[in-house]
Amino acid sequence: MFPQFGATAESLTKASSLVLRIGTDAHLYDDPDDVSIAPLLESRYDSEKCEGLKRLLALIAQGADVSHLFPQVVKNLASQSLEVKKLVYLYLLHYAEKRPNEALLSINCFQKDLSDTNPLVRAWALRAMAGIRLHVVAPLVLAAVTKCARDPSPYVRKCAAYALPKLYDLQQEDNTSLEELVCILLSDNSPGVIGAAATAFNSICPYNLLLIKRNFRRLCETLPDVEEWAQIILIEILLRYVVARHGLVKDSIMFASTSTLNSQSDQENAAFGTVGGEPNDFKLNRLMLRCYVEGQEEYLSPFQHIKEDGNDPDDLYLTTSMNDDVRILLRCTSPLLWSQNSAVVLAAAGVHWIMAPKNEVERIVRPILFILRSSCAAKHVMLCNIIVFAKTAPSLFAPYYEDFFISSSDPYQIKTLKLEILSTIATESSLPVILEEFQDYIKDPDRRFVADTVAAIGLCAQRLPTVASTCLEGLLALVLYESSVSNSHQLDGEADVLVQAIMSIKAIIKQDPSAYEKVIVRLIRSLEIIKEPAARALVIWIFGEYNSVGKIIPNVVPSVLKYLAWSFTSEEIDTKLQILNASAKVVLSTQGENLLTFKEIFQYIVELATHDLNYDVRDRARLVAKLLPYDNIFRSQELAEHILSVKLPPGSYLANNLRIYLPGSLSQIVLHAAPGYSPLPKPCSILSNAEAGEITKNMGIGISLEMNYPDSSSVSSIDESGSVYDSRNSDTGSIDSDEAGFASDPNENGRTIGTVDGQDALLVYLSDSNNYHGQTTQSNNENISELISTDLTEMMSKSALESWLDEQPKPSSAQKSEHSSSARISLTDQSIEIKPKPRILLDPVNSSGLDVKYAFSSEVSSNSPLLVCVELIFENVSAESLANIAIEDEESSRTVEPQDQVSEETARLLSANETPAIHPTEVIATLDPHQIVKKVIQVHFHHHLLPLKMAVLCNGKRHSVKLWPDIAYFLHPLSMDMKSFIEKERHLPGMFEYSRRCTFTDHLQELGHKENSSFQTDKILLVSKSFASKMLSNSNLHLVSIDMPVSSNIDDASGLCLRFSGEILSSSKPCLITVVAEGKVSGPLDVTVKVNCEDTMFGLNLLNRVVAFLH
Amino acid sequence: MLQCIFLLSDSGEVMLEKQMTAHRVDRSICAWFWDYVLSQGGDSSKILQVIASPTHYIFQVYREGITFLACTQVEMPPLMAIEFLSRVADVLTDYLGSLNEDLIKDNFVIVYEILDEMMDNGFPLTTEPNILREMIAPPDIVSKMLNVVTGKSSNVSNKLPEATASCVPWRKTGLKNASNEVYVNLVEELDALVNREGMLVKCEVYGEIQVNSHLPGLPDLTLSFANPTILNDVRFHPCVRFRPWESHQVLSFVPPDGQFKLMSYRVKNLKNIPVYLKPQLSSDSGNCRIDVLVGIRNDPGKTIDSVTVKFQLPLCIASADLTSNYGTVNILADKTCSWSIGRIPKDKSPSLTGNLVLDGMDRLHVFPTFQVKFKITGVAFSGLQIDKLDVKNTPSSPYKGFRAITQAGQYEVRS
């Protein structure tokens, strides 16, 4: 109308969008590196730093690698501006792993921020510090998390809880301290912190459900106040706890009999059918139970037959919904079914599905159906879960069939899921409406979906035989209609619909062929109009299969056979093969006057087929010709019958391919067990302490019980199934004592669900049962030991926790000892035995007789503070002399890696390449047999934890070796007196002080020696000597003092305190170590080692080292 | 535990990448995903939310042309991931006003900051919009101007919102100068399904109660309905207390500040539809005659506005010639017809007639479904009535406003 106006409008919108972009970061994203970024980062102004960082972020967003600017960025951590900090954190976390060495530079900034007064700064520092994930800082992070777990701000505590999984990622082996922290945080009073702690629990120790036990009630009650995301996780934890603690609920849907779940149980059974013609005991809900508890992989074990009344033995693992814990869990999760977050709704529904009594399960139905409408994104996941629920308990969903009607905007996969659910929940009363709906779908433009609809109609007809004839009529009409459509015009998907329609008819006919005689005839007649080869092949198969069924079909057989013979040459390969089969079947099953004619036709078809162009057709022709020779039909009749007319058992429409995982899990959606998926814990796998104590008692009682009731049903459970029946009573004592003793043990899988069904099963599964039995007892024992051990560790960790809790407010125990009466003695170093333990550098086995050992020496290098002195001991253990022995640094002998990207500053700090790694590197000209040469070399380690790669050259051969550093020798003794020690210690409190506990047993050996030699020595003196010797033999330190306790008890070493001092070689920072012992001289001593050091990382690693060699 | 989040544009370009855990995910996963989208027909809105790729499990949510994609390699509740991505989309929409490629790119720093605050180590951290707004200021015109004029403005707050420590974490603490007003808005969507026989198969209302609250202090609100029994299903905002609802079907809550969804509900088994549509398609010898009539069936008492009818022509149709006596008809390239009617006139009923030429076949064997859209302001079609809204704990009695609107949701008529 007004083109000029339109143009104006367009430019206006352009202009307005330009206006909108002003002041945003648009230009940074569009062209991030149009300015040199490095100078911006070095700028003195925060705004310029921000711009530089934003440009970096833009580059990261666009996928460019900007890690080379790492050192410049890290420097900005010290900035006071929170925006700069945040941007640096974003950058840092993206690249920290790639540049671990530079990332270490940020640690001190974090340390500083951690003691900031602003909780936001503390929280960010903690998050970033835990997020950079470097092994060496793990101890530091742990210290920081421990501190933050007691922060006054709930937000910081929450971040501390979130940091725990990151720490766990770094060091999975030792997580007792992490578990303690989880425990503390779980007992927090802020719901936000509890939620985060639950998340941490789930990633660190999901199986340590005893932790939950203490808090169960409180956790249930805070559930509604916890954040929605944590609710999802907490619900799952609580469910697992209740299952592990009390077992499954007896009156839940898992244990309901089919008849209560499905009003058409009779038809159901008919539809299932069995090989033997007996009603099958196969129960979907029991199967599901097994999948939930044992995982999908195990459920196809031989024990598919499940006893109808699994009462007696099951009771041991079952509880009722009247159980207090179960009731609380259900009560606290039911309001969550109204949650706005669909994941919470599904998690709560899952709990009710598994734990609620079956008459209450209904309450989950409407909330989960409502999600289909209210959260569109959750639709697919929800339907995947509903389909499992619906197959187990169709009656629950039957009234709500309307919710599954298909909307034209649904994606194809959603449509098929809905179809499957509809065909599962259809009942006599709802089926007319559903079928009417299906008829509408058949006219849908999406033909793939139409084919599925046709299949669903077939399923409905199989489930509800009363409507089968109606369905068949409709399908037949569809076949005729579709064949006319697809004939007139080649369209995508039409053929599929046709083929599917015939498949559905075939499936329905299969259930009772003689009743559907007329349908078969009509189908065969339609051969004239069906052109689609696959469809024709199917119809011909039906004709061949049922050629002798009923009264009408045999009458039409001659003409059909003639027609097929006539059309053979013009058919497609599939159809030809089916014609061959069908004609053979006809010949096989016919008797009487027609046989000769049929044989002739058959002969004719075979003749045609043997001259076919296609290999397969010719092969098939020869096969059937050999099976049914023209002259003597009876020669191989039996074989032919076996091959051609096997009566397939009517398959159950609920194929076994239904895969069941826990509701709400990812595995249920992708239909395989995703990594990390774990089924429910074994029921009753944790017991209360009292119960655990009773286990041993039960073992005794078990025997007498079993003797009293030798025929009780529990005896006939799987334990016995493999053994000979007559000997049952004789070995009851041995086996049943096990059984009764571990009565509450859940590992007897079969019994969780029900016992093996009678004797048939026993005979069939003889060998398996034997196996099974063996495994069961074994796992019983394992489980018990596991139980005991977890209990112990639990108690231990508790005591550790208490002492840890005590420690905090009081002065540390090292300081405390000062106030108690003690005598200080000084020992001259001579009186202490120092014998450094040599370690093997090169094994003579690998090196033709050269044995090289190394020991760290206490000498201090005069050349550079970075060098550590190592004594090498060369020994020739071979019979020949060795020549030209030399040591070489392997890394420097290669081309030195260019490190140009690292800025100078970093290079200096990390100081790698200018100093040679080994100094000096002289050559030993010859080494005679059994000659020992000692040499002291000075080594530069690149890192105090990483080994130095070296090569030992000998006789022209090169042997690669690794020289492992010992952090205890990165120090040199710093002599000081007691006063200055105390003074220094006072300057290094808080973050710079770390302590750990361990036990010390070395003195016991020496005490043993001394007792033999009947010398009367002061035992405590001996202990302190062995302490000092141990310490000095393994580290390069100065012994400052030994404080010995003065107590009436001569055997009591509590209060023994040794102090050592040293100085870090590289940084000349002082490092103080205090060792305090507790306990009896005659037993292992409890030792607390405390390190005070300014360099936190070094200090922590040193502490670990000291504990390691003391222990 | 989500390992990463990617934001993809409509053309499959990776606009943003945020790694969450140590197990970083290469962005080549996005290329795989985009290939998958193309193999599924290229319609991003019809892609399933959970996809198992050869290396990762992918979760994705599609909003306004943006695909929010996240990956994991381990078991986790899939709905948690989907809900989280939806929440990210909601928060970003709230921050940026709407959602499109340019907005994301222009504000990428804020998007990064929000993502960092919303998720830590693959677990949701702070997702409450009120707290987020305090931590990271939304881009408003003032900060933009400041940015232009002075070259510096920080959108990162210097202090931790106090609400993180309060027992009502969704509410800003210490609100004083609020305008002291509260608006309650009933927004309903009418779903209806008419089958090929012209029978009403299903008719229900999905509704949301949206509240916009600007109240000072820590107000305590109670909302009650005249007819709560008609509600079939309900879901609540976390601020709603469960007990009063269980016992008296009353909504008792301390509201967040600003706009939020208090409750969503469903009313099923309605018998009336406000708008009828009667399609007739008769085909013979390669031609198909189409007649569509639209009209008001049960006058709701308010005007029915912005009526549009949409349908997809079957693939077998070669050409179409459609005319209407009211409104305009458009046929788009993907054979979608849209007929925008606007307000239905009182005097005549709009009709669409036309002729479709079939491609090589005599009769039409597949039939389109017509989707109807409309809007009725001032009416909650479900009949849900708010009885009263009590506000306690405010210094002076606030201004209260109520509104209602009904729109067509999945309103489908098959032919």
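Since this is a predicted model, take the numbers as computed values, not measurements.

Draft legend 1. How the structure looks around the overall build of chain A. Helix and strand counts for chain A stand at 49 helices and 18 strands. When the 1111 residues of chain A are sorted by exposure, 45% land in the buried category. Of the contacts made within chain A by residues no fewer than 6 positions apart, 71% connect residues no fewer than 24 positions apart.

Draft legend 2. Fine view of the overall build of chain B. Each helix and strand counted, chain B has seven helices and 23 strands in total. For chain B, the spread of C-alpha atoms along the three principal axes comes to 75 × 55 × 50 Å. Going through the 415 residues of chain B one by one, you find that 42% of them count as buried.

Draft legend 3. Structural detail: helix α8 (residues 107-114) of chain A. All names here are of chain A. Those residues of α8 not exposed but buried are I107, C109, F110, D113 and L114. Looking straight down α8, one finds that the buried residues subtend no more than 160° of arc, so they occupy a single side. Contacts from the buried residues of α8 go to α9 (119-131), α10 (138-148) and α49 (1096-1110).

Draft legend 4. A look at the interface of chain B and chain A. Listed as interface residues are 84 residues of chain B and, on the opposing side, 84 residues of chain A. With six residues, the top contributor of residues to the side of chain B that touches chain A is helix α2 (residues 78-96) of chain B.

Draft legend 5. Geometry of the sheet that holds strand β14 (residues 275-284) of chain B. All names here are of chain B. Taken in spatial order, the four strands of this open sheet run β14-β15-β20-β17, and their pairing is antiparallel. Strand pairing shows two members of the sheet lacking a second neighbour, β14 and β17 (317-324), which therefore form its edges. Neighbour-to-neighbour, the strand axes of the sheet open up by a mean angle of 15°, direction not taken into account. Where strand β15 (residues 287-296) meets strand β20 (residues 351-358), seven bridges bridge the pair, whose relative direction is antiparallel. Its bridge partner lying in β20, I290 is registered against G354.

Draft legend 6. Layout of the sheet that holds strand β7 (residues 882-889) of chain A. All names here are of chain A. Read from one edge of the open sheet, four strands run β9-β7-β11-β12, paired in antiparallel fashion. The strands lining the two open edges of the sheet, one partner per strand, are β9 (924-927) and β12 (957-963). When strand polarity is set aside, the average angle formed by the axes of neighbouring strands in this sheet is 30°.

Draft legend 7. Representation of the packing of helix α29 (residues 517-525) of chain A against helix α30 (residues 533-545) of chain A in the model. All names here are of chain A. At a closest axis distance of 10 Å, the pairing of α29 and α30 adopts a crossing angle of 135°. The pairing of α29 with α30 is recorded here as oblique in orientation. Where α29 crosses over α30, the handedness of that crossing is left-handed. Together, I520, L523 and I524 of α29 and V539, I542 and F543 of α30 make up the contact between the two elements. A per-class count over the contact of α29 with α30 returns six nonpolar, no polar and no charged.

Draft legend 8. Structural view of the domain arrangement of chain B. Structurally, chain B comprises domain 1 (4-150), domain 2 (181-271 + 381-414) and domain 3 (275-377). For domain 1 of chain B versus domain 3 of chain B, the separation of C-alpha centres amounts to 38 Å.

Draft legend 9. Summary view of the nonpolar core. Residues and elements named next belong to chain A. One finds L57, L126, V145 and V182 to be the most contacted residues of the largest nonpolar core, which totals 421 residues. Here the element with the most residues in this core is helix α15 (residues 228-246); it accounts for 13 residues. Every residue in contact with V182, bar those within four places of it in the chain, is listed here: L164, A197, A200, F201, I204, C205 and L211.

Draft legend 10. Layout of the environment of A:L927. Looking at the secondary structure, you find A:L927 in strand β9. Taking C-alpha positions, A:L927 is 47 Å from A:V1081, a pair spaced 154 residues apart along the chain.

Draft legend 11. Region of the structure containing unusual backbone geometry. Residue and element names in this part refer to chain B. Even without being a glycine, E64 presents a positive backbone phi close to 45°. Mapped onto the elements of the fold, E64 is located in the loop between β4 (57-63) and β5 (66-72). Judged by C-beta crowding, with 13 C-beta atoms within 10 Å, E64 ranks as partly exposed. For N393, which is not glycine, the phi torsion reads 70° and is therefore positive. Tracing the chain through its elements places N393 in the loop between β22 (386-392) and β23 (399-414). In this structure N393 comes out as exposed when scored by C-beta crowding, with 12 C-beta atoms within 10 Å.

Draft legend 12. View of the pairing of strand β17 (residues 1070-1078) of chain A. Residues and elements named next belong to chain A. β17 sits mainly inside the fold: eight of its nine residues count as buried. Bridge count between strand β16 (residues 1057-1064) and β17: seven bridges; the pairing is antiparallel. Residue pairing in the sheet places S1061 in a bridge with L1072 of β17. Connecting β16 to the next strand, β17, in antiparallel fashion are five residues, including S1068 with a positive phi near 55°. Where β17 folds back on strand β18 (residues 1085-1093), the antiparallel hairpin that results is connected by six residues, among which G1079 adopts a positive phi of roughly 115°.

Draft legend 13. View of the pairing of β4(B). All names here are of chain B. Within β4, six of the seven residues are buried, which leaves it mostly tucked inside the rest of the structure. Where strand β3 (residues 50-52) and β4 come together, three bridges link them in antiparallel fashion. Residue I51 lies in a different strand from β4, and its bridge partner there is I58. In this antiparallel pair of consecutive strands, β4 and β5, the connection spans two residues, and E64 shows a positive phi of 45°.

Draft legend 14. Highlighting helix α20 (residues 342-355) of chain A. In a regular helix each residue adds 1.5 Å, so 14 residues correspond to 20 Å; α20(A) covers 20 Å between its end C-alpha atoms and thus fits that length. Most of α20(A) is tucked away: 14 of the 14 residues are buried.

Draft legend 15. Seen up close, the UniProt feature "domain: MHD" (unreviewed entry) in chain B. UniProt's entry tags residues 179-414 of chain B with the feature "domain: MHD" (unreviewed entry), counted in the numbering of this structure. For the annotated span residues 179-414 of chain B, helix accounts for 3% and strand for 60% of the residues, and the straight-line distance between the end C-alpha atoms is 49 Å.

Draft legend 16. Geometry of the confidence of the model for chain B. Per-residue confidence for chain B gives a mean pLDDT of 87, with 96% of residues at or over 70. For this predicted complex, the interface confidence comes out at an ipTM of 0.94, alongside a pTM of 0.71.

Draft legend 17. Region of the structure containing the confidence of the model for chain A. Residues and elements named next belong to chain A. For chain A, per-residue confidence averages 73 on the pLDDT scale, and residues scoring 70 or more make up 73% of the total. Note that pLDDT drops below 50 for residues 259-282; the model gives that stretch 34 contacts with residues more than four away or on any other chain. This model gives residues 893-914 a pLDDT under 50, and the stretch forms 14 contacts once residues within four places in sequence are excluded.

About the thresholds
Residues numbered from 1 in each chain as written. Chains lettered and ligands numbered in written order. Predicted model: local features only at pLDDT ≥ 70, side-chain atom pairs only at ≥ 80, totals over all residues. Helix = DSSP H or I, 4+ residues; strand = E, 2+ residues; numbered from the N terminus. Buried ≥ 20, exposed ≤ 12 C-beta atoms within 10 Å, placed from the backbone. Contact = placed C-beta atoms within 7 Å. Arc of directions from axis to C-beta. Pairing = 2+ DSSP bridges. Axes fitted to C-alpha atoms, helices over the stretch in contact; angles between N-to-C directions. Parallel < 35°, antiparallel > 145°, perpendicular 65-115°, else oblique. Left-handed = near helix turned anticlockwise from the far one by under 90°. Nonpolar A, V, L, I, M, F, W, Y, C, P; charged D, E, K, R; others polar. Domains from an automatic or database assignment. Core = buried A, V, L, I, M, F, W, Y, C linked by C-beta atoms within 7 Å. Expected span 1.5 Å × (residues − 1). UniProt positions renumbered as here; feature names shortened; annotations may be inferred. pLDDT = per-residue confidence, 0-100.

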